[in-house]
Number of protein chains: 2
Amino acid sequence: MKPNIKEVLCNYKEEDLSEDLIRQLQKAAKKCRLWALTMTTTAKSGHIGGSLSSMEMYLLVYGLANLTPQNVENIERDHVVISHGHTSPAAYAVLSYYGFLDPNQAMALFRKAGSPFPGHVEREVSGIDWSSGNLGQGLAAGVGFGLAQRAKKLDNHVFVLMGDGEQIKGQVAEARRVAVKNCLDNVTVLVDWNDIQISGRLEKVMPFNLKELWIADGWSVYEADGHDFASLYRTLRQAMEDGKPSVVLCRTIMGKGISFMEGTPAYHGKAASDEEYEKAVAELGGSSELLVQAKTYRASDASKEIAKVSREDKVVVDVGTPRIYLPDIKTDCRSAFGKALVDIGAANYGIAGKTPILVFDCDLAGSVKVGDFAKSCPEWFFEMGIQEHATATVAGAASCSGVISIWADFGVFGLSEVYNQQRLNDINGTNLKLILTHVGLDVGEDGKTHQCIDYIGLLRNMFGWKLVVPADPNQTDRAVRWSIGTYGNICVAMGRSKVPVITKEDGTPYYDEDYVFEYGKSDLLRDGSDVAILCCGHMAYRAVEAWEKLKAKGIYAKVFNVSCPLQIDEHTINEATKTGLVVTYEDHHCGSGLGSIVSEKMVELGCMSKLVKLGVHRYGDSGTAEEVIDMMGLSTDKLIKVISRHLA
Amino acid sequence: MKPNIKEVLCNYKEEDLSEDLIRQLQKAAKKCRLWALTMTTTAKSGHIGGSLSSMEMYLLVYGLANLTPQNVENIERDHVVISHGHTSPAAYAVLSYYGFLDPNQAMALFRKAGSPFPGHVEREVSGIDWSSGNLGQGLAAGVGFGLAQRAKKLDNHVFVLMGDGEQIKGQVAEARRVAVKNCLDNVTVLVDWNDIQISGRLEKVMPFNLKELWIADGWSVYEADGHDFASLYRTLRQAMEDGKPSVVLCRTIMGKGISFMEGTPAYHGKAASDEEYEKAVAELGGSSELLVQAKTYRASDASKEIAKVSREDKVVVDVGTPRIYLPDIKTDCRSAFGKALVDIGAANYGIAGKTPILVFDCDLAGSVKVGDFAKSCPEWFFEMGIQEHATATVAGAASCSGVISIWADFGVFGLSEVYNQQRLNDINGTNLKLILTHVGLDVGEDGKTHQCIDYIGLLRNMFGWKLVVPADPNQTDRAVRWSIGTYGNICVAMGRSKVPVITKEDGTPYYDEDYVFEYGKSDLLRDGSDVAILCCGHMAYRAVEAWEKLKAKGIYAKVFNVSCPLQIDEHTINEATKTGLVVTYEDHHCGSGLGSIVSEKMVELGCMSKLVKLGVHRYGDSGTAEEVIDMMGLSTDKLIKVISRHLA
């Protein structure tokens, strides 16, 4: 290993690569091929074909990038996104060559459970900026990094390495348009155009015109020989200085460097056998001793001692002063969000040292109430059009590159439509604030396709996402401010309609100036001992109405606002079940939402009682929210009837 | 209403529209504008702007299509897909004009809960072939219909009406490529190019080159004046006879026909007030009496009496003879699926009267075992490339146009990535068989991005989807045959690895020649009274192993294979809880899968016992399935330890 080639390349700005550098890189490519080969044969699996075709691309990009073992933990530097994450052997080999990783560890422990060398590149590996593997996501991640660095007024560059088979995923085209609209000349893409995907030649699998697709979306398109460092460098340098988002289509050969692998789809996802390894090593001029060493190392328990990189960025944000909505005001939670956002914008926009807050919209600014922020903080507002997949990833990636991302959208678009992108944000540990409006049956007359009755049921499949479903504008205000000031992926979900302010029995706001939002804490809105109603969101004010009417009938109910349904506290379940009758009351799918989670908790805690789950049990109608809720059997009167019947 | 204009248009093949037809259509357009306007003002909501700009497109398409009130229930006819489903007022007006609907009902009951006139077009309305509203989905649905009609050797045409704002959704580009690859000259698209979306002019929201995008993907592109019947007809006729998939970009004016709405984004999603209505009616030459009548009708309870269209197609399929896998064979469930598929192909391919079975693949044919089917039934096999969003919708739509669709893919791609498309398939009541391989932690070394640990947790948010998670190759064989022979959306989910054949205690196959798959029935694989293990998929053989080892320790377990986790039978819960200790054992997210559903059922049935939920509690490692399962604490030994500890 020559530690100084990284330093040289990193500062190299010439039009052409020097003869000496070319020689060194060629030597490096041979060594890295050997390492990648050894990794996959040791692991008996892995994608060697594409790793070999991408090798020169990797060496140049990681060489040129201002991303070093020394600055890797700082996010104010160049970024590299690997979209074809299955070419991890090449990535780990090259990162080893440049001193980020130990090649012996990588060769031995690739794809071994517990080791930091996963089959698809992940952020826990030093030098990897985005966990990928699900194809077609990387360009949007790169665009997110590009936007974030731009918002921080930094001149850092983003390189995105892509495969050719993934070029036809729709999300790629969406991301291209975002880059062009935002003039991201700091993003440069390299496509490994080896013309082979798992099922064979591109033309046979799904014909498309690679070049025309990029041109149609307004990118500068370059072509280069992806195995010729001179050609590749010259073209890449031009692309980087083009002044527009640019792509270099790199003509490569699948399996390059190992004769029997070249141009054959078979080695897309198959490792060389021990015998094939011998032959390949001979061609690469190495020794098969490497494989023996790697296998011995792998058989040991060493992998457990190697630390993985963990990342959590610091944010500096002033979340402003809470707004108190008095009971004579009837407004919607969306507007309360919008107002809190404007406050926070005012407290941070243009103020030195504050973390930029990027707000993303998909053509619904008026409905999701980000219009005022867009006017007051124009440089922090991004109109993405009807392109939710790219938006989810752009916003997610940006948020782990030194900014806070906020994406407001209807529930079905911000979550149901992009569930997997939000799962990948979870895996990447991003810092996205997802504001979902129009959740539940409270969506206006749009009908079943627009009713997001699964937001709890979807987010409970994740491990990191937090979910808050505030009951009124006051709690919305506080939850939104808390979410923006707290690191991590947080979803705040709300309906469309105006709702009354939740009050204490004395008529003053329940969520008043003394209230501090605390994640996971339910609130006892009303007390009673005959029955406990557990609810969240706009069902809370209905439950309080029911409490009043039940009291008139001599029935005393507890009403809990369970605003964090993914993390219900033990106390709530204890207190609720003590009444002997628990009613969950939600405009969410009754088989996956609050009622389902309450069931689980009851069993877990051994707190038993009768449980009645009122919720959505079929796709809803198209009508006003009140009509639809009524037809679903979820009106206040229906709640009262059900409780009366069960207590009769 | 002139009932005969539909007949005339439907059989009209001239190059140009006759003067008489133009006059009639112009008159019709005025009437339909009036109706659409009345609908939205009566409902006080709805998208009038785009309805007015699409009106001539609607009149021509529904006029020319061989889709009549008489043949609408037969699927062997032309199809119309409305991708910009929010322009429902225009659709209902035109369908009323051509005799599909009653205009007075439509005007009165638009967007009223319980009525068959929802805010976005839905299949329950006569003349609507695809429920939409979530933008960017319609082209893929049209392509699905086109493929299905082609597979049935029918010459029927498919018209797709689209908005302009939705053109940039990635799924649109994916669908375009599928149409071109399959030479679908039976698909013609019309884009309502009014240049205005919710947030304003297209160029301001997200710049893109509409024409170039279609050209880059190989479509024939035409342009027409979308309000001039002569121009529109002539161009549409050329496009229909072009011999390639063709699109007509229709230059239109948002709000066309009502002066104060023309060209203003404000009326994209806002109805005219009563005052504005008066003014508009005067311009359209109508009487405001219509509005009075509509309001009176709406106030009555009449809507409940109007029947909605319900559709369930008949399929004729021979599911072949089950294959029995003997205990000396160790194979994977994927291969058992592949073999059953080949059998079914052989029993139906090329045989008159059988329903075509279309199999879709996204570049994973080898892994998901559809390669042999592709060879033996080439005309029924569709390689879609890495384009999962379009594939989900194409396959779904095709399956309600007279074919059976089967899509095999990895769990993360066939479900997590396209959750919303599968939700929309559910809403549309399609007949898709979704074969998910590589679910749970059993995915090879691909790591967390590829581990589908949420397939139960996702599908439980739906109402129509059925889910089967077979325990071994025998049950897979039977479940696959059952799913293909049964109408509806059915998912069969399995891991990647080879698994032993589940046997009875006597060593013969548990799922033998007498076994008939029955949806919702769990199977008692082993009996005992100390503890009940509930599992599915490849955890079943591990549980049987544990049963053996526990017996040696004097612990007697019941082992239930709960192969239909979304519908667990009461008997299973009863029997399991009687033991006093229930252990759910799954390689699925432990907060949303089998353990969660079992909790719910226990509370529902009041069957209590201690419940231990063994499952996935963090994102998994990259390693062999065995390594990953072991590290997650899910090995057989761990199961035994947990049970022993709880019984100690």
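Everything below is about the structure shown above.
Residues numbered from 1 in each chain as written. Chains lettered and ligands numbered in written order. Predicted model: local features only at pLDDT ≥ 70, side-chain atom pairs only at ≥ 80, totals over all residues. Heavy atoms only, no water.

A few words on the relation of the copies chain B and chain A. When chain B is fitted onto chain A, the two copies agree to an RMSD of 0.0 Å after a turn of 180 degrees and an axial shift of 0.0 Å. Both chain copies can therefore be described as sitting about a two-fold axis. Looking at the rotation axis and the C-alpha trace of chain B, the residue lying nearest is B:G170, at 1.7 Å. Counting the interface residues of chain B, we find that 100% of their copies in chain A are interface residues as well, pointing to one common contact surface. (Least-squares fit on C-alpha atoms with pLDDT ≥ 70 in both. Contact = heavy atoms within 4.5 Å.)

Residue and element names in this part refer to chain A. Taken together, six strands build an open sheet; the order of strands is β10-β9-β11-β12-β14-β13 and the sheet is parallel. Of all the strands in the sheet, just β10 (381–383) and β13 (466–468) have a single pairing partner and so form its edges. Neighbouring strand axes in the sheet, compared pairwise and without regard to direction, differ in orientation by 20 degrees on average. In the sheet, strand β9 (residues 357–361) pairs with β10 via three bridges, with the strands oriented parallel. Looking at β10, one finds that F360 is bridged to F382. Here helix α20 (residues 473–485) sits on the sheet in contact with β11 (404–410), β12 (432–437), β13 and β14 (490–493), set at roughly 165 degrees to β14. (Pairing = 2+ DSSP bridges. Helix = DSSP H or I, 4+ residues; strand = E, 2+ residues; numbered from the N terminus. Axes fitted to C-alpha atoms, helices over the stretch in contact; angles between N-to-C directions.)

Turning our attention to the side chain of A:S609. Along the chain, A:S609 turns up in the loop between α23 (594–605) and β20 (610–616). When near neighbours in sequence (up to four residues on either side) are disregarded, A:S609 contacts A:T577, A:G580, A:L581, A:V582 and A:M602.

Before going further, it helps to examine the interface of chain B and chain A. Counting residues at the interface gives 103 residues for chain B, matched by 103 residues for chain A. Applying the counting criterion to the chain B and chain A interface returns 14 salt bridges. At the surface where chain B touches chain A, the tally comes to 62 residue pairs in polar contact (both at pLDDT 80 or more). With seven residues, helix α18 (residues 419–428) of chain B is the largest single contributor of residues to the side of chain B that touches chain A. (Salt bridge = Lys/Arg side-chain N within 4 Å of Asp/Glu carboxyl O. Polar contact = N/O pair within 3.5 Å; in protein donor to acceptor, adjacent residues only side chain to side chain.)

We now examine the pairing of strand β12 (residues 432–437) of chain B. Residues and elements named next belong to chain B. Taken across its six residues, β12 has six buried, putting it largely inside the fold. In β12, alternate side chains face the same way, and those of L432, L434 and L436 on one face and K433, I435 and T437 on the other are all buried. Relative to β12, strand β11 (residues 404–410) is paired through six bridges, and the arrangement is parallel. The residue of β12 that forms the bridge with A408 is I435. With four bridges joining them, β12 and strand β14 (residues 490–493) adopt parallel strand pairing. Bridge pairing in β14 places I435 opposite V492. (Buried < 20%, exposed > 50% of the residue type's maximum accessible area, 1.4 Å probe, protein only.)

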